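Here is what each chain is made of, one letter per residue.
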Amino acid sequence: MNKIKIIKIFDINFIDAKYKTIKTLLDKGGLLVAPSGPGLATIKNDSRYYASLKNADIVLFDSGYLCLLLKVIKNIKVKKFSGLVFIKKFISSLKKNYKKKIFLVDPSKNEAEINKKYLKSKNINQVYQYVAPIYKKTNIYDIKLVNKIKKIKPKYILINLGGGVQEILGYYLKKNLNYKPSIICTGAAISYLTKKQAPITDFLDEIYLGWLVRCLFNPIKFVPRYLSAFKFYFVFINDKDNIN
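Residues numbered from 1 in each chain as written. Predicted model: local features only at pLDDT ≥ 70, side-chain atom pairs only at ≥ 80, totals over all residues. Heavy atoms only, no water.

S.K.: Give a detailed account of the side chain of Gln-166, specifying residues and quantitative values.
M.R.: Mapped onto the secondary structure, Gln-166 falls in helix H8 (residues 166–176). Those residues within four positions of Gln-166 in sequence are excluded, and the remaining contacts are Ile-159, Leu-161, Cys-185, Thr-186 and Gly-187. (Helix = DSSP H or I, 4+ residues; strand = E, 2+ residues; numbered from the N terminus. Contact = heavy atoms within 4.5 Å.)

What follows is the structure in structure tokens.
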């Protein structure tokens, strides 16, 4: 396994590693999350979301904003590894072993159909799906989903819901399933591959400009969301001594 660099930020264990290492860890089972800047800005007032990040097994440096703050304020250099990059590499790796079961939790019937069609175009045929209800963030649980997953026992569970909900649901599944699957919370990342959302190139993602493309593509939805991320600066500054 390649070198793993763990950086503890507010008791959240972020990992700085290459895909091969991340995938090896993921295949042992557990919860993978990729928190965004807007999501991290809420950790002081959203205890359930915060708990899901602290109890995740793999936390990616999805936020370019966090990477910049680490470099400028703490002189800690890490490589951004977005949920989008991860899901691209993950789906590519499944082509070579597509007989493993993959279970998708999707936000709508329409997106479920689009996602399944996309995976089948990549010769991934063992796809099972569940269209999630609208969860109340204060109390996320779903016995029907748990029972369905227990019955199918997929190797991978891919949660394609919004940030702040998917992580809590992922942690709920981790605690309530009777085996240890790999639970992946990369939200709308698959929608960029299916062209359902803004076309973000690898280059733009790497130079931290994915947020700008999203804002241009859907300003009503994304401009307020990314403006809210600036609050994370104060969270970071106030607790910067708790980063190591």
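Next comes the rest of the description.
S.K.: A description of unusual backbone geometry should follow, citing residues and the corresponding values.
M.R.: The phi dihedral of Asp-11 is positive, around 70°, even though this residue is not glycine. With respect to the helices, strands and loops of the structure, Asp-11 is situated in the loop between strand E1 (5–9) and strand E2 (12–16). Phi is positive for Lys-153, which is not a glycine, with a value near 55°. By the secondary structure assignment, Lys-153 is in the loop between helix H7 (143–152) and strand E7 (156–159). A relative accessible area of 41% means that Lys-153 is categorised as partly exposed. (Buried < 20%, exposed > 50% of the residue type's maximum accessible area, 1.4 Å probe, protein only.)

S.K.: Go over the nonpolar core, please, and point to the residues and values.
M.R.: Core analysis: the biggest nonpolar cluster contains 47 residues, and Val-105 and Leu-173 have the highest contact counts within it. In terms of residue count, H8 provides more of this core than any other element does, 5 residues in total. Excluding residues within four positions of it along the chain, Leu-173 makes contact with Leu-145, Val-146, Ile-149, Ile-157, Ile-159 and Ile-183. Counting residues in hydrophobic clusters, the runner-up holds 29 residues, among them Ala-34, Leu-60, Phe-86 and Tyr-118. (Core = buried A, V, L, I, M, F, W, Y, C linked by side-chain atoms within 4.5 Å.)

S.K.: Any details on the pattern of salt bridges? Residues and values, ideally.
M.R.: Under the criterion given, the structure shown has 2 salt bridges. Between Lys-23 and Asp-27 there is a salt bridge; the shortest N-O distance is 2.8 Å. We classify Asp-27 as partly exposed; its relative accessible area is 27%. Asp-57 serves as the salt-bridge partner of Lys-174, at 3.0 Å between the closest nitrogen and oxygen. Of this pair, Lys-174 sits in helix H8 while Asp-57 sits in the loop between helix H3 (47–54) and strand E4 (58–60), and the two are 117 residues apart along the sequence. (Salt bridge = Lys/Arg side-chain N within 4 Å of Asp/Glu carboxyl O.)

S.K.: Would you mind going over the packing of aromatic side chains in detail, with residue names and values included?
M.R.: Counting across every chain of the model gives 9 aromatic pairs. Look at Phe-10 and Phe-236: their rings are 6.5 Å apart centre to centre, the planes differ by 85°, and that puts the pair in the edge-to-face class. Of this pair, Phe-10 sits in the loop between E1 and E2 while Phe-236 sits in helix H13 (residues 231–238); the two residues are 226 residues apart in sequence, bridging distant segments of the chain. Between Phe-14 and Phe-61 the ring centres are 4.9 Å apart and the planes differ by 25°, which places this aromatic pair in the stacked class. With a gap of 47 residues between them, Phe-14 in strand E2 and Phe-61 in the loop between E4 and helix H4 (64–74) connect regions that are remote in the sequence. Relative accessible area serves as the criterion here: at 1%, Phe-14 is assigned to the buried category. Using a relative accessible area of 0% as the deciding quantity, one classes Phe-61 as buried. The structure contains a cluster of three or more aromatic residues connected by ring pairs, namely Phe-10, Tyr-65, Phe-232 and Phe-236. Sitting over the face of the ring of Phe-10, Lys-44 holds its NZ or CZ atom 5.9 Å from the ring centroid. A cation over an aromatic ring shows up here: Lys-175 above the ring of Tyr-171, its NZ or CZ 4.4 Å from the ring centre. (Phe/Tyr/Trp six-rings, centres within 6.5 Å; stacked < 30°, edge-to-face > 60°. Lys NZ or Arg CZ within 6 Å of the ring centre and 35° of its normal.)

S.K.: Please provide a residue-by-residue account of the pairing of E7, values included.
M.R.: The two faces of E7 match: Tyr-156 and Leu-158 on one face and Ile-157 and Ile-159 on the other face are all buried. Where strand E5 (residues 102–106) lies against E7, 4 bridges are found, and the strand directions are parallel. Each residue of the ladder has a partner; that of Val-105, found in E7, is Ile-159. Handedness of the crossover is the feature at issue here: the chain leaves E7, passes through H8, returns alongside strand E8 (residues 182–185), and the resulting connection is right-handed. (Pairing = 2+ DSSP bridges. Right-handed = clockwise from strand over helix to strand, strands pointing away.)

Taken by themselves, the reported measurements are silent on function.
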